[in-house]
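Observations on the three-dimensional arrangement
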Amino acid sequence: DFEFSFEIPKKGIADIGTAEVKLPPVLENSELVVVRYDLPFGLSAEPDSTMGQIVVTKDGKPDGEKVGDILRQTTYWRGKNPGLFDVSKNADN
């Protein structure tokens, strides 16, 4: 399993929290890539019915996502509250 953590603002710029994440690999040879973007940003990805996953369709920034990468999770904001969205569990939606 991939285990990692990263800091996210809790209630604003001065208040920081830590997200703890544990993901099982979905491919035999997998590696974890964490990409950070300033807002707004663009992400090109769509469902791949043969894999049952959301797959990147256009390369991002040079050290970021590449065509064929699987998008597993992303952060989101609901009002002032951040969270993690499990993209791979919702690929069929």
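The structure reproduced in this document is the subject of the present report. Please read all numbers here as calculations on a predicted model, not as lab measurements. (Residues numbered from 1 in each chain as written. Predicted model: local features only at pLDDT ≥ 70, side-chain atom pairs only at ≥ 80, totals over all residues. Heavy atoms only, no water.)

Examined against the element boundaries, G60 turns out to sit in the loop between β4 (53-56) and β5 (70-71). Relative accessible area serves as the criterion here: at 29%, G60 is assigned to the partly exposed category. For the pair G60 and S44, spaced 16 residues apart in sequence, the C-alpha to C-alpha distance is 8.1 Å. Those residues in contact with G60, other than ones at most four positions away along the chain, are Y37 and E65. (Helix = DSSP H or I, 4+ residues; strand = E, 2+ residues; numbered from the N terminus. Buried < 20%, exposed > 50% of the residue type's maximum accessible area, 1.4 Å probe, protein only. Contact = heavy atoms within 4.5 Å.)

This brings us to the sheet that holds β5. Across the sheet, three strands lie side by side as β3-β4-β5; this open sheet has antiparallel pairing. Each edge of the sheet is formed by a strand with only one pairing partner; in this case those strands are β3 (45-48) and β5. As defined by bridge partners, β3 adjoins β4 across four bridges and the pair is classed as antiparallel. Along β4, the bridge assignment pairs E46 with V55. (Pairing = 2+ DSSP bridges.)

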